[in-house]
Amino acid sequence: MPDTGKTDMERLGIFQEMGYTTIGDKYKLPKMNFNDAAGKGKQMLPGGSKTRTARQDGYFDKAFNRVMEAEAYSDPIKLRRQNRLKEAKKNLGKPFLPSNGDKKPSGLGNAYGTFAGPVGAFSPVARPRKAYVTPGKNVLTNPPKNGTGYGYPNVTLGKSAPYAPDPFERAKDIRNREMDGSKKLMKGSAFRLNLAPKDYFDGNPYRSDRPLPPSKKMPSRKRDFKPFKPSSPAKRVAGMKAGTFDPYPSHSNDPYVVKQKRAVTTNKEGKIFHPSPGPKTAPTNSVMESNVIKRLNTSNYRQLAAQGYTSFPSMMQTRMQTAPGVITSAG
């Protein structure tokens, strides 16, 4: 069984695990005495097939044989020419030339392919004529001018109106000239009254004609303002212990100590003691298979027959009657 280092008792709980394929009997070769002489003595040894090469090894004949021996050289082109001249001598006259096919006209007015040929009356060639003399020019008049007369110059019977210039800022120029002329006529400056009327109350009640006293300088005080710094957020606990109130504890001295080896307990023979293993599961037969083995054996397998039960009481009664005999026979 599989070599795993454990006994069958430790693995399955049985003394020996039986094989699953055979029962340990030896295989016997079947005896076949058919044509024993064929495998004894010398056999026919063929030479094997030969491949075709440039030599004579792959052929039955030892030498290459020609189809015709000592035949004369013949030129097929020369023989064909001689045969053609010999057949030409059989002709009685000139060689026969077939008539030409129908001719098709190449265009309208063309006489190609007709029996009569070209006709002079239908020739497109120009006839000789006298030189052409022009009758002279006709009376020339000016064509009418386009336009309705409004906005188009030189299209009416009379003359068009002359151009009158109109400056863009004509009114402004006239006004400036009139103001300059009026200033030249003035003898002095404009009259101004020094006793102009005033309001009963001044516009600004806090206004004073007295000069203001000199301003006092206040001594400057230096103030120490520190910027506001918000508190830091809570820190998460990690391997560095940053979120704890106390600092990280110092490393404690833990010297390396070699462990002492314990003595191995052995028996009188010097082997290591192994406690007895606990109960193991083992393959068991089914209830039906166990009943079949108990009821059916070599002494009663011919007397037993198939039994059928119609009800539960009859089945129990039959079982109680057959059970003592089965146990006695099985014993």
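Residues numbered from 1 in each chain as written. Predicted model: local features only at pLDDT ≥ 70, side-chain atom pairs only at ≥ 80, totals over all residues. Heavy atoms only, no water.

### Section: the overall build of the protein chain
Now for step 1: Along its length, the protein chain carries five helices and zero strands.
Now for step 2: Counting from the amino terminus, the protein chain carries its helices and strands in the arrangement α-α-α-α-α.
Now for step 3: Taking all 331 residues of the protein chain together, the buried fraction comes to 2%.
Now for step 4: When the accessible surface of the protein chain is totalled, it reaches about 37400 Å², and 58% of it is carbon and sulfur. (Helix = DSSP H or I, 4+ residues; strand = E, 2+ residues; numbered from the N terminus. Buried < 20%, exposed > 50% of the residue type's maximum accessible area, 1.4 Å probe, protein only. Areas by Shrake-Rupley, 256 points an atom, 1.4 Å probe, with all protein chains shown as cover.)

### Here's the deal with a positive patch on the surface
Now for step 1: A cluster of basic residues, Lys78, Arg80, Arg81 and Arg84, forms a positive patch at the surface.
Now for step 2: Mapped onto the elements of the fold, Lys78 is located in helix 2 (residues 76-88). (Patch = residues over 30% accessible without salt bridge, like charges linked within 9 Å, V, L, I, M, F, W, Y side chains within 5 Å. Salt bridge = Lys/Arg side-chain N within 4 Å of Asp/Glu carboxyl O. Lys, Arg positive; Asp, Glu negative; His and termini not counted. Charge placed at Lys NZ, Arg CZ, Asp CG, Glu CD.)

### Quick notes on the side chain of Glu17
Now for step 1: Along the polypeptide, Glu17 turns up in the loop between helix 1 (8-11) and helix 2.
Now for step 2: Take Glu17: its relative accessible area is 9%, and that puts it in the buried class.
Now for step 3: One polar contact links Glu17 to Arg11, side chain to side chain, over a distance of 2.8 Å. (Polar contact = N/O pair within 3.5 Å; in protein donor to acceptor, adjacent residues only side chain to side chain.)

### Focus: the pattern of salt bridges
Now for step 1: All chains considered together, the criterion is met by three salt bridges.
Now for step 2: In this structure, the salt-bridge partner of Asp8 is Arg11, at a minimum N-O distance of 2.8 Å. On the criterion of helical spacing, the pair formed by Asp8 and Arg11 is a turn pair, its members being three residues apart in helix 1.
Now for step 3: Taking the relative accessible area as the measure of exposure, Arg11 reaches 25% and is therefore partly exposed.
Now for step 4: Between Glu87 and Lys90 there is a salt bridge, with the nearest N and O atoms lying 3.5 Å from each other.
Now for step 5: For Lys90, a relative accessible area of 57% corresponds to the exposed category.
Now for step 6: Here the salt bridges do not stand alone but share partners, grouping Asp8, Arg11 and Glu17 into one network.

### Here's the deal with the confidence of the model for the protein chain
Now for step 1: Confidence along the protein chain averages 77 in pLDDT terms, with 83% of residues attaining 70 or more.
Now for step 2: Across the protein chain, helix 2 holds the top mean pLDDT of 93, while helix 5 (residues 312-330) sits lowest at 48.
Now for step 3: Below pLDDT 50 for its whole length, residues 323-331 participates in six contacts with residues either more than four positions away or in separate chains. (pLDDT = per-residue confidence, 0-100. Contact = heavy atoms within 4.5 Å.)

### Focus: a nonpolar patch on the surface
Now for step 1: A surface patch of nonpolar side chains, about 510 Å² in accessible area, is lined by Met288, Val292, Leu296, Tyr301 and Leu304.
Now for step 2: Its location among the elements puts Val292 in helix 4 (residues 287-295).
Now for step 3: Val292 gets classed as partly exposed once you look at its relative accessible area, which sits at 45%.

### Some details on the side chain of Asn300
Now for step 1: Within the secondary structure, Asn300 is located in the loop between helix 4 and helix 5.
Now for step 2: Judged by its relative accessible area of 14%, Asn300 falls in the buried class.

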